[in-house]
Amino acid sequence: MLEIQDISRQFALLVASESQQESVVIETVQRYAWLLLAATLVGIIVRRFNIPYAVALVIGGLALEASHLGFIPVLDSEVLLFVFLPPLLFDAAFRIDAREVRSLYRPILVLAVPGVLFTALFVGWVLWWLLDLPVATAILFGTVVAATDPVAVLSVFKQLKVSHRLSLVAEAESLVNDGMAITLYIVLLDWVVTGRFSASASLATFCLEVAGGVAIGCVIGLASSRLTRSVDEHLVEMLLSVSVAYGSYLIADRVGASGALACVAAGFIHGSYGRTIGMSAATRDLLDDLWEFLGFVANAIVFLLLGVSVHVEDLLENGWSVTVAILAVLLARVLVTAGAGRITPWRHDPAHTWREAVLLIWGGLRGALTAALVLALPSTVPYRDELTAMAFGVVLFTLVVQGLTLPTLVHRLHLGRQ
């Protein structure tokens, strides 16, 4: 009799637990539905004003936070990265023109690879020197803010008809440095959390993650391109493309390689090689629209979450730290852009004139990736609240101050075509 009662009690607890989990899932889905509605309303409103959509979303998120409506979802850090990073990365990689990138690969690689490493180390050194943060924590923050975000920049460049070469440099630089920054972030996060560091082991891990991620992405990109060639059903090809984005990220992550770089490599090959050998004109247009939409949705949600997560009182409380972080990021951008011009020959210089250099410096905005990485920091990371405030301060400054003044700067530098 007691055994029957125990079984009944366990069954009741199991049912209650499943019911509770189901209610949590339903509540999360409902909150994201409201978030999408908010992003849509911001998009409708912003069309009446000359404001970049990304900037408007952050401002909208700040307004939502101030309203205390309470429908904003909270995700686990790993879920946050897995859900939003693949569409953010794959979107840009799939739709970028491979032939044009090849013509500018030198300055792009200089800005994105040594540029990310230099930015992380320089910003980390400044924070260690002026704020007395632990070395590992300071450099980890440097990786969080190392990657640029072209979303707001490209919308301004397109509207003001800035040269296509500068737009391509900004977009391709962000595409590569996103993967580099995320890979470096993962390596350093282990150092910060465990407190153990070996230069040789960390360098080996970083190289293996980079090489492994790129290799896995290339294999999946080539295989999916060949598979697309044998399929003539646009819905299946769209589903395959989404599977490639998330599958490459997941497979690489599971084997200890860089999921971000795997996603970028797979998207680049699937969007260039696959586009030429296995896609009809109609399919190419559909997939371009699909990834533009998925990337747009991911950016919209992350920017809204950024605005909602910012607490003005935290920024004011950490005012000195936020100011130092902003100045360190700006100075690092100046040094990286100037260094790229010194390293590469003139015809490969990312900025042929000082005016273009100024525009690339001021256009080095931080956005969705920085927000996603800092929101994904585990609670065990030392100084997490201060790091979050500094990252949000950097993103807000670059998006609101730099983003809103970009049109004026383009006009003053005479870089826009009438």
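### Quick look at helix H9 (residues 199-229)
When the terminal C-alpha atoms of H9 are compared, their 45 Å separation across 31 residues agrees well with the 45 Å that a helix rising 1.5 Å per residue should span. Among all positions in H9, only Ser202, Phe206, Glu209, Val210, Gly213, Ile216, Gly217, Ile220, Gly221, Ser224, Ser225 and Thr228 are buried. On the buried face of H9, the contacting elements are helix H8 (164-194), helix H10 (234-254) and helix H11 (259-277).

### Comments concerning the packing of aromatic side chains
Tallied over the entire structure, the rule returns six aromatic pairs. Summarising the aromatic geometry, the rings of phenylalanine 118 and phenylalanine 122 are spaced 5.6 Å apart at their centres and angled 15° between planes, so their arrangement reads as stacked. Of the two residues, phenylalanine 118 and phenylalanine 122 are both situated in helix H5 (residues 105-131); the distance of four residues between them amounts to about one turn of the helix. Classification of phenylalanine 122 by relative accessible area gives buried; the value is 14%.

### Quick notes on the side chain of serine 167
For serine 167, the position within the fold is in helix H8. Looking at serine 167, the relative accessible area reads 13%, which means it is buried. When sequence neighbours within four positions are dropped, the list of residues in contact with serine 167 reads Leu154, Phe157 and Val162.

### Considering the packing of H10 against H11
Across the interface, H10 lies against H11 with an axial gap of 7 Å and an inter-helix angle of 150°. The crossing of H10 and H11 is right-handed. Taken together, the residues of H11 that come into contact with H10 (itself represented by Ser241, Val244, Ala245, Ser248, Tyr249, Ala252 and Asp253) are Gly259, Ala260, Ala262, Cys263, Ala266 and His270. Along the lines of polarity and charge, the residues of the contact of H10 with H11 split into eight nonpolar, four polar and one charged.

### Points about a nonpolar patch on the surface
On the surface, Trp34, Leu37, Leu41, Ile44, Ile45, Phe49, Ile51 and Leu404 cluster together into a nonpolar patch covering about 780 Å² of accessible area. Of the residues forming the nonpolar patch, the biggest block, five residues, is contributed by helix H1 (residues 2-46). Its location among the elements puts tryptophan 34 in helix H1.

### Details of helix H17 (residues 384-413)
In an α-helix, one turn spans 3.6 residues, which is why side chains three or four residues apart end up on the same side. The sharpest bend along H17 measures roughly 45° and falls at leucine 406, with the proline proline 407 sitting one to four residues further on. Just downstream of H17, histidine 414 is the residue with a positive phi angle, here 60°.

### Quick look at the pattern of salt bridges
Counted under the stated rule, the structure contains three salt bridges. Two residues, arginine 95 and aspartate 91, come together in a salt bridge whose shortest N-O distance is 2.7 Å. Taken together, the positions of arginine 95 and aspartate 91, both in helix H3 (residues 77-95) and four residues apart, correspond to about one turn of that helix.

### Overview of the environment of alanine 245
Among the secondary structure elements, alanine 245 is positioned in helix H10. Spatially, the C-alpha atoms of alanine 245 and leucine 85 are 9.6 Å apart, while their sequence positions differ by 160 residues. If we ignore the near neighbours within four places in the chain, the residues touching alanine 245 are Pro86, Phe90, Cys263 and Trp291.

### Some remarks on the confidence of the model for the chain
Per-residue pLDDT for the chain has a mean of 81; in total, 86% of the residues score no lower than 70. Per-residue pLDDT, averaged within each element of the chain, yields its smallest value for H1 (63) and its largest for helix H6 (residues 135-144) (93). Below pLDDT 50 for its whole length, residues 11-16 participates in zero contacts with residues either more than four positions away or in separate chains.

### Quick look at the packing of H8 against helix H15 (residues 354-362)
Remark: H8 packs on H15, axes separated minimally by 11 Å, with the N-to-C direction vectors making an angle of 35°. Relative to H15, H8 is oriented so that their crossing is right-handed. Residues Arg165, Leu166 and Val169 of H8 form the contact with H15, whose participating residues are Glu356, Leu359 and Leu360. In the contact of H8 with H15, the residues fall into four nonpolar, no polar and two charged.

### Structural notes on a negative patch on the surface
On the surface, Glu313, Asp314, Glu317 and Asp385 cluster together into a negatively charged patch. Tracing the backbone shows aspartate 314 in helix H13 (residues 312-317). According to the relative accessible area criterion, aspartate 314 is partly exposed, its value standing at 32%.

### Overview of unusual backbone geometry
A positive phi angle is found at tyrosine 383, which is not glycine, with a value near 60°. When you line up the elements, tyrosine 383 lands in the loop between helix H16 (368-375) and H17. Given a relative accessible area of 44%, tyrosine 383 falls into the partly exposed group. Unusually for a residue other than glycine, histidine 414 sits at a positive phi of about 60°. In this structure, histidine 414 sits in the segment after H17. Judged by relative accessible area, which is 66%, histidine 414 ranks as exposed.

Basis of the calculations
- Residues numbered from 1 in each chain as written.
- Predicted model: local features only at pLDDT ≥ 70, side-chain atom pairs only at ≥ 80, totals over all residues.
- Heavy atoms only, no water.
- Helix = DSSP H or I, 4+ residues; strand = E, 2+ residues; numbered from the N terminus.
- Expected span 1.5 Å × (residues − 1).
- Buried < 20%, exposed > 50% of the residue type's maximum accessible area, 1.4 Å probe, protein only.
- Contact = heavy atoms within 4.5 Å.
- Phe/Tyr/Trp six-rings, centres within 6.5 Å; stacked < 30°, edge-to-face > 60°.
- Axes fitted to C-alpha atoms, helices over the stretch in contact; angles between N-to-C directions.
- Left-handed = near helix turned anticlockwise from the far one by under 90°.
- Nonpolar A, V, L, I, M, F, W, Y, C, P; charged D, E, K, R; others polar.
- Patch = residues over 30% accessible without salt bridge, like charges linked within 9 Å, V, L, I, M, F, W, Y side chains within 5 Å.
- Areas by Shrake-Rupley, 256 points an atom, 1.4 Å probe, with all protein chains shown as cover.
- Salt bridge = Lys/Arg side-chain N within 4 Å of Asp/Glu carboxyl O.
- Bend = angle between axes of the 7 residues up to and from the residue.
- pLDDT = per-residue confidence, 0-100.
- Lys, Arg positive; Asp, Glu negative; His and termini not counted.
- Charge placed at Lys NZ, Arg CZ, Asp CG, Glu CD.

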